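Close look at the chain arrangement
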Amino acid sequence: MGTLYQEPPRLIQDLRVTVHDTSLVFPSKPVPNKPFFLSNIDKVLNFDVQTIHFFPAHVEFPPDKVTETLKVALAKILVHYEFLSGRLKFNAASGRLEIECNSEGVGFVVASSECSLDDVGDLVYPNPAFERLVTKSMDSLQPDNQPLCIVQVTSFTCGGFVMGISTNHGTFDGLSFKMFLQNLAALAADKPLAVDPCNDRRLLAARSPPQISFPHPELLKLDVAPGQDSSRPLVFKDTPEDLDFKIFKLSPKDIAHLKEKAAKDAGGPGSPYPKARVTGFNVVTAHIWRCKALSSCDGTDDGSSKSRSSTLLYAVDIRPRLEPPLPRGYAGNAVLTAYATVTCGELEEWPLGRLVEMMTEGAGRMTDKYARSVIDWGEVNVGFPHGEVLVSSWWRLGFTDVEYPWGRPRYSCPLVYHRKDIILLFPDMITSSPNGGDGVNVLVALPGPEMAKFQSLFHKFLA
């Protein structure tokens, strides 16, 4: 059960990419030039995220036609997402990071590869060569004038292509980015918007005065006074140690087995959490939390390892949890970090269902009052979520469900990074087999000795 993803023999090392044109795309109609408010959730996410979307050849849409169609659609969509063609700016008067809606454009890059899509080989396995499929910054622009979004279209010799998109995370979370892609696809097909975007980030503004009504152990306060230019806190500070990198695959059968194990113990008679949610995400996350925490135990007999606390962080969408709920088309970041904390001894001894109960409790904590307290905390403090491990899930965001005029992507995924304290979940390839694509890939980066323990524990607790 569960397999270790060995590096594919056909993992290409050089895509031989040539950039042919770099330009800016501007809104097709004038948009108001005004400051654009960013919520306290948005402003702490001031870093770039890259995604890549692979498409097979389409007889009616060769790459040059796709390029022109996308460029026109981008110009149209910037009218509806007025903030996206602007630039980040620190407002010294308010002490806040904001977007200046100055219509200075998004980046657009046209490139080609000397390879075919089949030459690329395995699209699921993170490949360093994929870095060439995304443009992260525009060399012709100053560092303080970089676009919030850059789209690169790279054609393959077979007629297929890849769309690489770099966006500042302050603009979108995963759910709102999918809606953006749906709207981009609709405009490319000369159709109405799939979802009307709601750009009002003040829906998640802090209260005045702020009311921090809960303790927030999941948040780490930085020694920076509010109002200073802390627009780029070191949320993702690089670790100096060498990390081993592996992918563990869980099939739909493996996930069903974990759910069956958890269901035996979660929410049973006498449980403090009778409504424990035994979902695929919860069982997979609880499983890897246990393995990650125990892999770093030093094995001493004095009990110190077992008494050490481990905190799991995971994302919760607050859109439906607020009162009233956010509009369906809310275009900003509306995800907060839930947490669960237990000792390593409990992680080792408790059944999987009990850990799922802890995750259910953590997500259930995220009520309207708690979410507003987190937002208000960010008004008074500068900081970010902090725990032993953050599970970041791209598993069921559904980027491959977006229907473009040239069809759906063969595969969509983030351009991954290796961090010891972040474990990524990302989807499997869609196949024609039953439940194809319903499995999950778990990307883990750990020092060598810890990785060996993690691998052993992963299979032990899966059995």
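In what follows, the accompanying structure is described.

Criteria and thresholds
- Residues numbered from 1 in each chain as written.
- Predicted model: local features only at pLDDT ≥ 70, side-chain atom pairs only at ≥ 80, totals over all residues.
- Heavy atoms only, no water.
- Helix = DSSP H or I, 4+ residues; strand = E, 2+ residues; numbered from the N terminus.
- Contact = heavy atoms within 4.5 Å.
- Axes fitted to C-alpha atoms, helices over the stretch in contact; angles between N-to-C directions.
- Parallel < 35°, antiparallel > 145°, perpendicular 65-115°, else oblique.
- Nonpolar A, V, L, I, M, F, W, Y, C, P; charged D, E, K, R; others polar.
- Pairing = 2+ DSSP bridges.
- Phe/Tyr/Trp six-rings, centres within 6.5 Å; stacked < 30°, edge-to-face > 60°.
- Buried < 20%, exposed > 50% of the residue type's maximum accessible area, 1.4 Å probe, protein only.
- Lys NZ or Arg CZ within 6 Å of the ring centre and 35° of its normal.
- Polar contact = N/O pair within 3.5 Å; in protein donor to acceptor, adjacent residues only side chain to side chain.
- Disulfide = S-S within 2.5 Å.

**Observations concerning the environment of Ala 363**
Relative to the helices and strands, Ala 363 is located in helix α9 (residues 352-364). The residues touching Ala 363, leaving out its near neighbours within four places in the chain, are Tyr 314, Val 316, Arg 321 and Ala 338.

**A short note on the packing of helix α5 (residues 252-263) against α9**
Where α5 contacts α9, the two axes come as close as 7 Å, and the packing angle between them is 85°. One way to sum up the angle between α5 and α9 is to call them roughly perpendicular. Contact residues: α5 offers Leu 258, Lys 261 and Ala 262, while α9 offers Leu 352, Gly 353 and Val 356. By residue class, the composition of the contact of α5 with α9 is four nonpolar, one polar and one charged.

**Some remarks on the sheet that holds strand β3 (residues 35-37)**
Taking strand neighbours across the sheet as the criterion, the three strands line up as β3-β6-β5 in an open arrangement whose pairing is antiparallel. Two strands lie at the open edges of the sheet, namely β3 and β5 (87-91), each paired on one side alone. Adjacent strand axes in the sheet meet at a mean angle of 45° when their direction is disregarded. Bridge count for β3 against strand β6 (residues 96-100) is three bridges, and the pairing is antiparallel. By the bridge assignment for β6, Phe 37 is matched with Glu 98.

**Quick notes on the packing of aromatic side chains**
This structure, assessed with the given rule, holds 22 aromatic pairs. The interplanar angle of 70° and the centroid separation of 5.9 Å between the aromatic rings of Tyr 81 and Phe 172 together place this pair among those described as edge-to-face. Of this pair, Tyr 81 sits in the loop between α2 (63-80) and β5 while Phe 172 is found in the loop between β9 (161-168) and α4 (174-188), placing the two residues 91 residues apart along the sequence. Phe 172 carries the same exposure label as Tyr 81, and that label is buried. Each member of the aromatic cluster is reached from another via a ring pair, and the members are Phe 36, Tyr 81, Phe 83, Phe 172, Phe 177, Phe 180, Trp 394 and Phe 399. Above the ring of Phe 83, the side-chain terminus of Arg 201 is found at 4.8 Å from the ring centroid. Its end group placed over the ring of Tyr 339, Arg 365 keeps NZ or CZ at 4.0 Å from the ring centre.

**Concerning the side chain of Thr 285**
Along the chain, Thr 285 falls in helix α6 (residues 280-295). The exposure class assigned to Thr 285 is buried, which follows from its relative accessible area of 0%. From its side chain, Thr 285 meets the backbone oxygen of Phe 281 in a polar contact 2.8 Å long. Those residues in contact with Thr 285 that lie beyond four places of it in its chain are Leu 312, Met 359, Val 391 and Leu 425.

**Observations regarding the state of the cysteines**
Working definition of a disulfide: a covalent bond connecting the sulfur atoms of two cysteines. Summed over all chains, the structure comprises zero disulfides. Here Cys 158 stays free of any disulfide, with the sulfur of Cys 115 as its closest cysteine sulfur at 9.9 Å. Take Cys 158: its relative accessible area is 40%, and that puts it in the partly exposed class.

**What about the sheet that holds strand β16 (residues 411-414)?**
The sheet built from six strands is open, its strands ordered β2-β7-β8-β9-β4-β16 with mixed pairing. In this open sheet, the two edge strands, each paired with only one partner strand, are β2 (17-25) and β16. Sheet twist, expressed as the average angle between the axes of neighbouring strands with direction ignored, equals 15°. Sheet topology places strand β4 (residues 48-55) next to β16; four bridges connect them, and they run antiparallel. Note that in β16 the partner of Thr 51 across the bridge is Pro 414.

**A look at the pairing of strand β8 (residues 149-155)**
Here β8 lies mainly inside the structure; seven of its seven residues are buried. As defined by bridge partners, strand β7 (residues 106-113) adjoins β8 across six bridges and the pair is classed as parallel. Residue pairing for β8: Gly 107 is matched across the bridge by Ile 150. Of the strand pairs in this sheet, β8 and β9 are connected by seven bridges, and their pairing is antiparallel. Counterpart to Ile 150 in the pairing with β9 is Ser 166. Hairpin connection between β8 and β9: a loop of five residues separates the two successive antiparallel strands, and Gly 159 in this loop has a positive phi of roughly 100°.

In short, geometric facts, not functional conclusions.
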